Amino acid sequence: MKEAYNLKKVIDKQLKEVHLNAQLEESIKAKCLDRSTQARKKIYSVPKALAHVALWIIGILFVFSGTAYAINHVEGFSMFIGEKVLKNIAPHVQTINKEDHQKEVKMVVEAAIADHYNSLLVFSFINEGEKPWTEGVKVGEWDDSWSQSGKYGPPILSEDGRKLTYYVESSGNEDILEGKKFILKASNIIQSVEVEEEIDIPLGDLFQAHNTVLDTIDYDYPPHSKYLYMKLDRLLHREIGDSQRIVLREEPLVTFEYVGLIQDSRLENPMNPDGGLTLYTRNASDKYWTGTSHDYVIGTISEITDIRTGKVYTAHQRSINYDMATLWRGSLGTSQFSEIMDPADIPYLKATKVTYEVQEVLTKQDWKVEFDVQDTTTIEPIQLNLGFAANGESIQIQQMNISVMGITLTGTKTGRPKDPKKDSIYEQIKVEMHMQDGSIIPFINSDTTSSKDKFKATCVVLDDKHDRVFLDIEKIDKIFINGEQVWSASPSM
Amino acid sequence: MESIIEIEQQEIVEIERMMREYGDSLLRMCIIYLKDRALAEDAVQETFIKVYQKYYTFNQISEEKTWIMRIAINVCKNYMRTSWFKRVKTGLDLETISKERIDQNFIERERQKQILSEIAELERKYKEVILLYYYQEMSTKEIASILHIKEGTVRVRLQRARQKLSVQLEEGEKL
């Protein structure tokens, strides 16, 4: 007979002097206040195929307008990043070509690019059955060995409906460094189908209940001010009482939550590219949804009508927003009507159609592929000894890794930020590369992770549209960090 | 409409409350989970930052504690994936974690330390259900929601975890 213990008492007794101390509490509060800037930065590491990303969300935005699915009928990476860019990085693309064949559908891991910390992967599903797939087909669920840092793009279906191709970016993944095997598992091929239903919901009461007009005081901030994004973020996500929530569908639950009016047409936010009336629906599922679950339903308001004139407005853009990287519960649907800019019109409008996206399972099956990804970086890691200190923090950059995907800086850190309103030490690292043709290209710190005394900063290059640019590393002449030359292509360095 | 500054202040007040309410037990759980006090402090810090960041998305239908534990478990899992963690971590060293002399029978104290070491050395999937069930006193339903697994799976894992321990664990106040 085993002795019996109360684990709670044992832990609390053995660790009774372990407390969240005042210093740690202050540090947490300071970092909380500094949070939104960092959160916003992370999206810059999203590749070209994922350009339609909510600016403050690490999740992926699927846009139904059709513009998001520009199909290029070229194999592998060129489907997502284009032939021109692929030319620069072609020597670094490794062919994987590992497959799992089940029930007339074959999953093939095609190719990868990897450096010490980052990887890009293309994989596809080949339909060998009688019936070709049509638009809206996708894989039901993922299970993989790098999902915490992976970012998935919307899939591309071939013209003949026989091949469905995915692109995945993984940033800061040390599995590569450790030489670990990658494992990709997938379950079920599903098809999204849109189902339209008529509704009759006046917008006036919902609008009055939440007063969701972006007030003009925010216009004093520059367009990319974190305060403006925080405000919009709150408009999108704040919780409301049950009495103010209109149930559109019971099982699974879909609700019409509130009516917002964004009057600032300068916003470049993909949620509200033109401003105007925006209607928000929600699927408040308890599931940790990755956007591909086959039993998940979300609806968006697709049509409104002016009761004074009978004029019908169709949403110029509807989107579903979800966050696979953190813990956003359920998902949000937004419908935008950019013609409606005056709050005085809203009491005379009613929602008249809702469109649901539902999933049908086409092939119920699991696939699994194990494969290796090699680090194909041609430039050896560069050892550095650069120290920077600011705002109570200090870092020592010890190593720089250069690859076609960007630059990764690693090193040690001490201290904690004193003033949360000031930029962190990582913001103050300015990396530039001088090309052989004389041009100077700045890097942007896209992602920083740190443990207690170490850090890793990923720096990438973006073009004018904030799309990821892959480096033509053969043409780099020199690299500078905060004005100090740290690398040169010439052997004298 | 509230200003951003006012909203920030309210949320910081809420974070302070949550730190008071859950901070110590979260830190202790993370120590057992990660077997390292410094890493556990970082994990707790990251957990509360995520709580702050997602505070306004928190739906009251979900229990606050469940929500926070879900974040904490995911943060710990992330830490365990890093090569730094894998290189450094060996075992739970209560002597370095707990400097204070504990006035209790030596044999009993050693026994309790052994229990914690046994739990710390469990496979992750067993360790997390044990910590959530017996230490955080959460129901199997809540744990299923936190770990995104079926309630039956939670029960099976609890059963298997108990079999691996040299002692029997008493049910807490929840039952």
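By the naming in an unreviewed UniProt entry, chain B is Sigma-70 family RNA polymerase sigma factor, taken from Zhenhengia yiwuensis. Per UniProt, chain B carries the Sequence similarities (unreviewed entry) text "Belongs to the sigma-70 factor family. ECF subfamily."

Chain A is annotated in an unreviewed UniProt entry as DUF4179 domain-containing protein from Zhenhengia yiwuensis.

1. A short note on the overall build of chain A
Within chain A, the regular secondary structure consists of eight helices and 29 strands. In chain A, which comprises 493 residues, the proportion classed as buried is 57%. The long-range fraction of contacts in chain A, counting pairs at least 24 apart against all pairs at least 6 apart in sequence, stands at 69%.

2. A few points about the packing of helix 1 (residues 7–14) of chain A against helix 7 (residues 124–135) of chain B
For the pair helix 1 of chain A and helix 7 of chain B, the least separation of the axes is 8 Å and the interaxial angle reads 95°. As summarised for this structure, helix 1 of chain A and helix 7 of chain B are arranged roughly perpendicular, according to the angle between their axes. On helix 7 of chain B, the residues touching A:Leu7, A:Lys8, A:Ile11 and A:Asp12 of helix 1 of chain A are B:Ile130, B:Leu131, B:Tyr134 and B:Tyr135. For the contact of helix 1 of chain A with helix 7 of chain B, the class distribution of residues is six nonpolar, no polar and two charged.

3. Quick notes on the pattern of salt bridges
Per the stated rule, a full pass over the model turns up 18 salt bridges over all chains. Across the salt bridge formed by A:Asp200 and A:Lys350, the nearest N and O atoms sit 3.5 Å from each other. With A:Asp200 in strand 10 (residues 182–202) and A:Lys350 in strand 19 (residues 349–371), the pair connects residues that are 150 residues apart, well separated along the chain. Residue B:Arg17 is joined to B:Glu64 by a salt bridge in which the shortest nitrogen-to-oxygen separation is 2.6 Å. With B:Arg17 in helix 1 (residues 4–34) and B:Glu64 in helix 3 (residues 64–81), this pair connects stretches of sequence that are 47 residues apart.

4. Some words on the sheet that holds strand 28 (residues 476–481) of chain A
Residues and elements named next belong to chain A. Pairing within the open sheet is antiparallel, and its four strands lie in the order 24-23-28-29. Pairing within the sheet leaves two strands with one partner each, and these edge strands are strand 24 (440–442) and strand 29 (484–488). Between one strand axis and the next, the sheet turns by 25° as a mean value, whatever way the strands run.

5. What about the pairing of strand 19 of chain A?
Residues and elements named next belong to chain A. When strand 10 meets strand 19, the two strands line up antiparallel, connected through 18 bridges. Paired with Lys 185 across the strands is Lys 368, a residue of strand 19. Where strand 15 (residues 298–306) meets strand 19, eight bridges bridge the pair, whose relative direction is antiparallel. Within strand 19, the residue paired with Thr 300 across the bridge is Thr 355.

6. Examining the state of the cysteines
Residues and elements named next belong to chain B. Inspection of every chain in the model, using the stated rule, returns zero disulfides over all chains. Of all cysteine sulfurs in the structure, the one in Cys 76 sits closest to Cys 30, which takes part in no disulfide; the separation is 3.7 Å. The exposure class assigned to Cys 76 is buried, which follows from its relative accessible area of 0%.

7. Overview of the nonpolar core
Judged by nonpolar contacts, the single largest core of 64 residues is most densely connected at A:Leu7, B:Met29, B:Ile130 and B:Leu132. Sorting elements by how many residues they give to this core places helix 1 of chain B first, with 13 residues. Counting only domains with at least three residues in this core, you end up with domain 1 (1–90) and domain 2 (94–175) of chain B. Setting aside residues no more than four positions away along its own chain, B:Met29 makes contact with B:Met69, B:Ala72, B:Ile73, B:Leu131, B:Leu132, B:Tyr135 and B:Gln136. In terms of nonpolar packing, the next biggest core, distinct from the first, is built from 38 residues, A:Ala390, A:Ile395, A:Val404 and A:Ile425 among them.

8. Notes on the packing of aromatic side chains
For the structure shown, the criterion picks out six aromatic pairs over all chains. Relative to A:Tyr166, the ring of A:Phe123 lies with its centre 5.5 Å away and its plane at 5°, an arrangement referred to as stacked. With a gap of 43 residues between them, A:Phe123 in strand 5 (residues 119–127) and A:Tyr166 in strand 9 (residues 163–170) connect regions that are remote in the sequence. For A:Phe123, a relative accessible area of 0% corresponds to the buried category. Taking 4.9 Å as the distance between ring centres and 85° as the angle between the ring planes, the aromatic pair formed by B:Tyr133 and B:Tyr134 counts as edge-to-face. In this pair, the class of B:Tyr133 matches that of B:Tyr134, namely buried. Following the ring pairs from residue to residue traces out a cluster consisting of A:Phe123, A:Phe125, A:Tyr166 and A:Trp367. The ring of B:Tyr135 has A:Lys8 lying over it, and the distance from NZ or CZ to the ring centre is 4.8 Å.

9. Notes on helix 9 (residues 151–164) of chain B
Residue and element names in this part refer to chain B. Taking 1.5 Å of rise per residue, 14 residues should cover 20 Å, and helix 9 covers 20 Å from first to last C-alpha, within 8% of that figure. Residues of helix 9 that are buried: Val 154, Arg 157, Leu 158 and Ala 161. For helix 9, the angular spread of the buried residues around the axis is 105°, confining them to a single face.

10. Describing the environment of A:Asp472
As for its placement among the helices and strands, A:Asp472 is situated in the loop between strand 27 (468–469) and strand 28. For the pair formed by A:Asp472 and A:Ile89, sequence separation is 383 residues and the distance between their alpha carbons is 7.0 Å.

11. Some points on the pairing of strand 28 of chain A
The side chains of a regular strand alternate, residue by residue, between the two faces of the sheet. Residues and elements named next belong to chain A. In the sheet, strand 23 (residues 431–435) pairs with strand 28 via five bridges, with the strands oriented antiparallel. Looking at strand 28, one finds that Glu 432 is bridged to Phe 480. Summarising the sheet, strand 28 and strand 29 pair through four bridges and their orientation is antiparallel. Bridged to Lys 478 within strand 29 is Ser 488. The antiparallel pairing of strand 28 with strand 29 creates a hairpin that spans two residues between the two strands, and Asn 482 there sits at a positive phi of about 45°.

12. Description of the side chain of A:Asp306
All names here are of chain A. Within the secondary structure layout, Asp 306 lies in strand 15. There is a polar contact of 2.9 Å between the side chain of Asp 306 and the backbone nitrogen of Arg 308. If sequence neighbours within four positions are ignored, Asp 306 has contacts with Lys 311, Tyr 313, Tyr 348 and Leu 349.

13. Let's talk about the environment of B:Ile73
Structurally, the position occupied by B:Ile73 is in helix 3. With near-sequence residues (within four places) excluded, B:Ile73 lies in contact with B:Met29, B:Tyr33, B:Glu128, B:Leu132, B:Ile146 and B:Leu147.

14. With respect to unusual backbone geometry
Residues and elements named next belong to chain A. The backbone of Glu 104 sits at a positive phi, close to 65°, despite the residue not being glycine. Position of Glu 104 among the secondary structure elements: in the loop between strand 3 (94–102) and strand 4 (105–114). If you check the backbone angles, Asn 482 has positive phi at about 45° while not being a glycine.

The rules we used
- Residues numbered from 1 in each chain as written.
- Chains lettered and ligands numbered in written order.
- Predicted model: local features only at pLDDT ≥ 70, side-chain atom pairs only at ≥ 80, totals over all residues.
- Heavy atoms only, no water.
- UniProt positions renumbered as here; feature names shortened; annotations may be inferred.
- Helix = DSSP H or I, 4+ residues; strand = E, 2+ residues; numbered from the N terminus.
- Buried < 20%, exposed > 50% of the residue type's maximum accessible area, 1.4 Å probe, protein only.
- Contact = heavy atoms within 4.5 Å.
- Axes fitted to C-alpha atoms, helices over the stretch in contact; angles between N-to-C directions.
- Parallel < 35°, antiparallel > 145°, perpendicular 65-115°, else oblique.
- Nonpolar A, V, L, I, M, F, W, Y, C, P; charged D, E, K, R; others polar.
- Salt bridge = Lys/Arg side-chain N within 4 Å of Asp/Glu carboxyl O.
- Pairing = 2+ DSSP bridges.
- Disulfide = S-S within 2.5 Å.
- Core = buried A, V, L, I, M, F, W, Y, C linked by side-chain atoms within 4.5 Å.
- Domains from an automatic or database assignment.
- Phe/Tyr/Trp six-rings, centres within 6.5 Å; stacked < 30°, edge-to-face > 60°.
- Lys NZ or Arg CZ within 6 Å of the ring centre and 35° of its normal.
- Expected span 1.5 Å × (residues − 1).
- Arc of directions from axis to C-beta.
- Polar contact = N/O pair within 3.5 Å; in protein donor to acceptor, adjacent residues only side chain to side chain.

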